[in-house]
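Overview (structure and organization)
Residue strings, one per chain:
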Amino acid sequence: MKTKILPTLCVILLGLVLAACNTPAPLPEAPTRIPTLIPATMPAPGSQNTPQPGVVFPTSAPDATAGLAIYQENCASCHGADGKGQVEGSRDFTDVSYMRGAAPVDFFAVVTNGAGEMPAFKDELSDDERWNATWALWSFAVPAEQIAQGKTVYESAGCVNCHGANGEGVIPQARKFTPDFIPQYPAQQYYQSVSAGKGIMPAHQDRLSEDERWASVEYVRTFGYQPASQ
Ligand code: HEC
Ligand code: HEC
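Keep in mind the model is a prediction, meaning the values are calculated, not measured. Numbering of residues begins from 1 in every chain and follows the order in which that chain's sequence is written. Here every chain gets a letter starting at A, and every ligand a number starting at 1, in the order they are written. Thresholds applied to this predicted model are a pLDDT of at least 70 for local features of residues and 80 or more for the giving and counting of side-chain atom pairs; totals over whole chains, interfaces and linings are not thresholded and use all residues. As a convention, hydrogens and water are excluded, and side-chain values are obtained from all of the structure's heavy atoms.

Some thoughts on the site of ligand 1
Where we set the bar: We call a residue near a molecule or strand whenever a single non-hydrogen atom of that residue lies within 4 Å of it. Side-chain atoms alone can form a polar contact between residues adjacent in sequence; in general such a contact is a pair of N or O atoms within 3.5 Å, and within protein one must be able to donate a hydrogen while the other accepts it. Secondary structure elements follow DSSP: runs of H or I no shorter than four residues count as helices, runs of E no shorter than two count as strands, and numbering proceeds from the N terminus. Classification convention: Asp, Glu, Lys, Arg as charged; Ala, Val, Leu, Ile, Met, Phe, Trp, Tyr, Cys, Pro as nonpolar; all other residues, Gly among them, as polar.
Around ligand 1, 20 residues are found, and the nearest of them are Cys75, Cys78, His79, Tyr98 and Met118. Within the contact set of ligand 1, an oxygen atom lies 2.3 Å away from a side-chain nitrogen or oxygen of tyrosine 98. Mapped onto the shell around ligand 1, the elements with two or more residues apiece are helix H3 (76-79) and helix H5 (104-113). Broken down by element, the shell around ligand 1 gets its largest block of residues, three residues, from H5. Taken together, the residues that form the shell around ligand 1 break down as 13 nonpolar, four polar and three charged.

And the structure:
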C-alpha cells in the first residue's frame, strides 16, 4: 500500500503543474531589462528621493526660449555661447549622451546653489528664470526635428491612447507628464522604461527603432517644458 502513495502524489503534482501551465499568462510585471547605457561619467540619476535645498518644482511649463536669453546673459561667459563649455570644469551641454543621463532637477539645484567655481543664482534669478535657464540647456542637445519626429511616433505608435494628447494620462495607471514630474528623471530613464516596458506599459524595443524611441521620449519631455524655437 505504502509504495503506491509516492506515484499517486507524483500524478497529483504533475496535474497541478499542468493546470498552472493552462492558466493564461499574466501581463509581464518585470519586463526584460535592457542593458543600462549610462557611462560611468554620468551623474546619479535624479535625486528625486533626496530633496535638495532650494529646489522648487515649476507649476507651469518652463520656457526654454526665455531661458536661452538668460543663459546668454548669465552663463555663456563660462559655459560658452554654444554650450560646449568654456572654463575648467564646465560640461559640454551639446554632448547628447551626457544630457540624456542628467536629470533637470539636479541641474536646477546646481544653478540654484552653485557648485565648485560656479556661483549660486538663487538670489540673482527667480525660480521661474532658473527653470527656464535649466531647460534651455537641453536645446543644445535636442534638435527641434527630433521633437517633431517624436510627436509623430507618439501619435502613431499608440502612446497617445494611454498617455493622452497632452500627457494628461487617459488610463489611471499612467502618470501625468506634468512640469513637476518630467524634470525629476533623466531622459535615459524614460527611454529605458519605454524600451523595456514598465508596469502595464508594453515594451517598445521590438516595435520602434532606437531613434523613434528617443524621439518619443524627447517629445514626452516637452509636456514638462516648452522647447526653444530653433
Ligand atoms: C563663473 C563661471 C560660471 C557661470 C557664470 C555659470 N557656471 Fe555653471 N558651472 C561652472 C562650473 C565651473 C561648473 C562645474 C562645477 C563643478 O561641479 O565643479 C558648472 C556647472 C554647471 C552645471 C552642472 C553641470 C553638471 O554636469 O553637473 C549646470 C547645470 C550649470 N553649470 C548651469 C549654469 C547656468 C544655467 C548658468 C547661468 C545661469 C551658469 N551655469 C553659470 C561655471 C559657471
Ligand atoms: C498600454 C498603455 C501604454 C502605452 C501604449 C504606452 N504607455 Fe507609457 N506608460 C504607461 C503606464 C501605465 C505607465 C506607468 C508605469 C508605471 O510606473 O508603473 C507608463 C509610463 C511611461 C513613462 C514614464 C516611465 C518612467 O520611468 O517613469 C514614459 C516616459 C512613457 N510611459 C512614455 C510612453 C511612450 C513614449 C509611449 C509610446 C512609444 C508609451 N509610453 C506607450 C502606459 C502606456
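Some points on the packing of H5 against helix H6 (residues 127-136)
Applicable threshold: Axis lines are fitted through C-alpha atoms, for helices just across the contact stretch, and the angle between N-to-C directions can take any value from 0 to 180 degrees. Roughly parallel means an angle under 35 degrees; roughly antiparallel means over 145; roughly perpendicular covers 65 to 115; every other angle is labelled oblique. Crossing handedness is read from the near helix: turned anticlockwise from the far helix by less than a right angle, it gives a left-handed crossing, and turned clockwise, a right-handed one. By definition, residues are in contact when any of their heavy atoms lie within 4.5 Å.
Packing of H5 against H6 brings their axes to within 9 Å, and their N-to-C directions diverge by 125°. Accordingly, the angle class assigned to the pair H5 and H6 is oblique. In terms of crossing hand, the pair formed by H5 and H6 is right-handed. Facing H5, whose interface residues are Pro104, Val105, Phe107, Phe108, Val111 and Thr112, H6 presents Asp127, Arg130, Trp131, Thr134 and Trp135. A per-class count over the contact of H5 with H6 returns seven nonpolar, two polar and two charged.

Overview of the coordination of the iron atom of ligand 1
Convention followed: For Na, K and Ca the donor cutoff is 3.2 Å, while for all other metals N, O and S atoms count as donors only within 2.8 Å; water does not appear among the atoms, so some sites may look incomplete. Under this scheme a four-donor centre is tetrahedral when all angles range from 85 to 135 degrees, a four-donor centre is square planar and a six-donor centre octahedral when opposite donors are above 155 degrees with the rest from 65 to 115, and any other centre is irregular. Only protein chains enter the accessibility calculation, which uses a 1.4 Å probe. A residue is then buried if its area is under 20% of the maximum for its type, exposed if over 50%, and partly exposed in between.
Taken together, the protein donors to the iron atom of ligand 1 comprise His79 (NE2) and Met118 (SD), at separations of 2.0 to 2.1 Å. Considering all six donor atoms around the iron atom of ligand 1, the spread of angles at the metal, 84 to 180°, places the coordination shape in the octahedral class. Placement of the pair is histidine 79 in helix H3 and methionine 118 in the loop between H5 and H6, with a sequence separation of 39 residues. Accessibility expressed as a relative area gives 14% for histidine 79, which makes it buried.

Remarks on the site of ligand 2
Taken together, 20 residues lie near ligand 2, and Cys159, Cys162, His163, Ser193 and Met201 sit nearest. Serine 193 places a polar side-chain atom, nitrogen or oxygen, 2.6 Å from an oxygen atom of ligand 2. The side chain of lysine 198 places a nitrogen or oxygen atom 3.1 Å from an oxygen atom of ligand 2. Counting only elements with at least two residues in the shell around ligand 2, the list comes to helix H8 (159-163), helix H9 (187-196) and helix H10 (210-221).

Thoughts on the packing of aromatic side chains
Cut-off, in case you're wondering: Centres within 6.5 Å make a pair out of two Phe, Tyr or Trp rings, where for Trp the six-membered ring is used; the pair is then stacked when the planes are under 30 degrees apart, edge-to-face when over 60, and tilted otherwise. A ring has a charge above it when a Lys NZ or an Arg CZ is no more than 6 Å from the ring centre and no more than 35 degrees off the ring normal.
Enumeration according to the criterion identifies 16 aromatic pairs in this entry. In textbook terms, an aromatic cluster arises when at least three aromatic residues are bridged by ring pairs, as seen for Tyr154, Phe177, Phe181, Tyr185, Tyr190, Tyr219 and Phe223. Note that arginine 100 overlies the ring of tryptophan 214, its terminal NZ or CZ placed 3.8 Å from the centroid.

What about the coordination of the iron atom of ligand 2?
Protein coordination at the iron atom of ligand 2 comes from His163 (NE2) and Met201 (SD), with a distance range of 2.0 to 2.2 Å. Each of the six donor atoms around the iron atom of ligand 2 contributes to a set of angles spanning 86 to 178°, which defines the coordination as octahedral. Of this pair, histidine 163 sits in helix H8 while methionine 201 sits in the loop between H9 and H10, and the two are 38 residues apart along the sequence. We classify histidine 163 as buried; its relative accessible area is 14%.

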